[in-house]
Amino acid sequence: MFRLDDRVAVVTGGAAGIGLAIARRLHDAGARLVIADIADGSEVADQLGGLFVRTDVSIGQEVEALMATAGERFDRIDILVNNAGIALGVESVGEQSDSDYRDQFGVNVMGVVNGIRYVTRWMPDGGSIVNIASLAGVIGFPGYGSYVASKWAVVGLTKTAALELASRRIRVNAVCPSGIATAMYDPSETPGEIALIETAQPIARPGTPDEVAAAVQFLVADDCALLTGQALVLDGGLSAGPSIATMEMALEKWTNRSSPSEGET
């Protein structure tokens, strides 16, 4: 089940982190790989018997060239994983700079738009596209306005593209992880995110890149041929409701506030 033998897969942002885990997972399932990144992924591609193409996904011409290179090399592209993304700044909506908004929309949103726009020329009917969004693409997070806005856009693009490409049986889905333990996952940089995961998230740990990769393999496999237009949330239950730890802290706070102070009757 969930085999991808002889499928041709393009993974953006595939040189490290979640993208690398996805590339390895698809390779192990039988796919032939094209890895795209602004960082050098040639060694990784060689290890996986694939092809590396340096690509800035925010630039349409570079994504068009990526798809043409992959398509001409393998005659088609069966799978596209739009994984490349950035996260900048921890400030309120009104305080974050215009450049932060532009940069994040350039990569996170236009990277997805460019991928979908140019891959469909090479993708046969029945192909599959997965966009890596975020839990921040389905709920809000204080201090992450520009990032949240870009990831909500990814989810909206996913649903719209799924409708538009359904006549060709090209499925388009998104994966929406909460905190994932990669090199970018630094408790000293984002203590609020760590605190949220360790208290409010019912499964109180960050996810792993391999867990995201497993979800991607599930979505792109023919076994899931009826699954399209969905945003699959990987958040340890966070979006389902408050954890027991959160409820206990809230109850303790309420009890302390409601109890008479010393000396009161």
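Here's a quick rundown of the structure.

Parameters at a glance
- Residues numbered from 1 in each chain as written.
- Predicted model: local features only at pLDDT ≥ 70, side-chain atom pairs only at ≥ 80, totals over all residues.
- Heavy atoms only, no water.
- Helix = DSSP H or I, 4+ residues; strand = E, 2+ residues; numbered from the N terminus.
- Expected span 1.5 Å × (residues − 1).
- Buried < 20%, exposed > 50% of the residue type's maximum accessible area, 1.4 Å probe, protein only.
- Arc of directions from axis to C-beta.
- Contact = heavy atoms within 4.5 Å.
- Pairing = 2+ DSSP bridges.
- Axes fitted to C-alpha atoms, helices over the stretch in contact; angles between N-to-C directions.
- 1 Å grid on protein atoms, 1.4 Å probe; cavity = no way out; pocket = protein on both sides within 12 Å on 5 of 7 lines; lining within 4 Å.
- Points joined across faces, edges and corners; volume = space filled by probe spheres on them.
- Nonpolar A, V, L, I, M, F, W, Y, C, P; charged D, E, K, R; others polar.
- Core = buried A, V, L, I, M, F, W, Y, C linked by side-chain atoms within 4.5 Å.
- Polar contact = N/O pair within 3.5 Å; in protein donor to acceptor, adjacent residues only side chain to side chain.
- Phe/Tyr/Trp six-rings, centres within 6.5 Å; stacked < 30°, edge-to-face > 60°.
- Salt bridge = Lys/Arg side-chain N within 4 Å of Asp/Glu carboxyl O.

Before going further, it helps to spend a moment on helix H3 (residues 60–74). In a regular helix each residue adds 1.5 Å, so 15 residues correspond to 21 Å; H3 covers 21 Å between its end C-alpha atoms and thus fits that length. Turning to H3, its buried residues number three or more, namely Gly60, Val63, Leu66, Met67, Ala70, Gly71 and Phe74. In an axial view of H3, the angular spread of the buried residues amounts to 125 degrees, which keeps them on one side of the axis. Turned more than 90 degrees off the buried face of H3, the exposed positions are Gln61, Glu72 and Arg73. Where H3 is buried, its residues contact strand S1 (8–12), strand S2 (32–37), strand S3 (51–54), strand S4 (79–82) and helix H4 (98–119). Directly after H3, the chain includes Asp75, whose backbone phi takes a positive value near 75 degrees.

Another aspect to go through is the sheet that holds S1. Within the open sheet, the seven strands sit side by side as S3-S2-S1-S4-S5-S6-S7. Their pairing is parallel. In this open sheet, the two strands that pair with only one neighbour each are S3 and strand S7 (231–234). Shown here is a sheet whose adjacent strand axes are inclined to one another by a mean of 15 degrees, direction ignored. With respect to the sheet, H4 is in contact with S4 and strand S5 (128–132), its orientation differing from that of S4 by roughly 165 degrees. Lying over the sheet, helix H5 (residues 145–165) contacts S5, strand S6 (171–177) and S7, oriented at roughly 160 degrees with respect to S6.

A separate point is empty space enclosed by the protein. With the rule as written, the count across this model stands at one cavity of 30 Å³ or more. Here the largest cavity is characterised by a volume of approximately 30 Å³. Forming the walls of the largest cavity are Thr12, Val57, Asn82, Asn83, Ala84, Val107, Gly111 and Val112. Of all the elements, H4 adds the most residues to the lining of the largest cavity, at three residues. Residues of the lining of the largest cavity, tallied by class, amount to four nonpolar, four polar and no charged.

Our focus in this paragraph is the nonpolar core. Core analysis: the largest hydrophobic core is formed by 31 residues, its most contacted members being Val10, Val34, Leu66, Met67, Leu80, Val119 and Ile129. At the level of elements, S1, S2, S3, H3, H4, H5 and S6 are the ones that each hand at least two residues to this core. If you look at the next biggest cluster of nonpolar residues, it comprises 30 residues, including Ile18, Val81, Ile180 and Leu219.

Within the secondary structure, Ser58 sits in the loop between S3 and H3. Taking the C-alpha atoms as reference points, Ser58 and Ala174, separated by 116 residues in sequence, lie 19 Å from one another. Those residues in contact with Ser58 that sit more than four places away from it in its chain are Gly106, Val107 and Asn114. Side-chain polar atoms of Ser58 contact the side chain of Asp56, separated by 2.7 Å.

So, on to the packing of aromatic side chains. By the definition in use, this model includes one aromatic pair. Here the aromatic rings of Phe2 and Phe218 are separated by 5.7 Å at their centres, their planes lie at 55 degrees, and the arrangement is tilted. Here Phe2 is found in the segment before S1, whereas its partner Phe218 is found in helix H7 (residues 209–220), with 216 residues between them in sequence. Among the residues examined, Phe218 registers a relative accessible area of 33% and is labelled partly exposed.

Before going further, it helps to examine the pattern of salt bridges. This model, assessed by the stated rule, comprises six salt bridges. Arg205 serves as the salt-bridge partner of Glu211, at 2.7 Å between the closest nitrogen and oxygen. What makes Glu211 partly exposed here is its relative accessible area of 34%.

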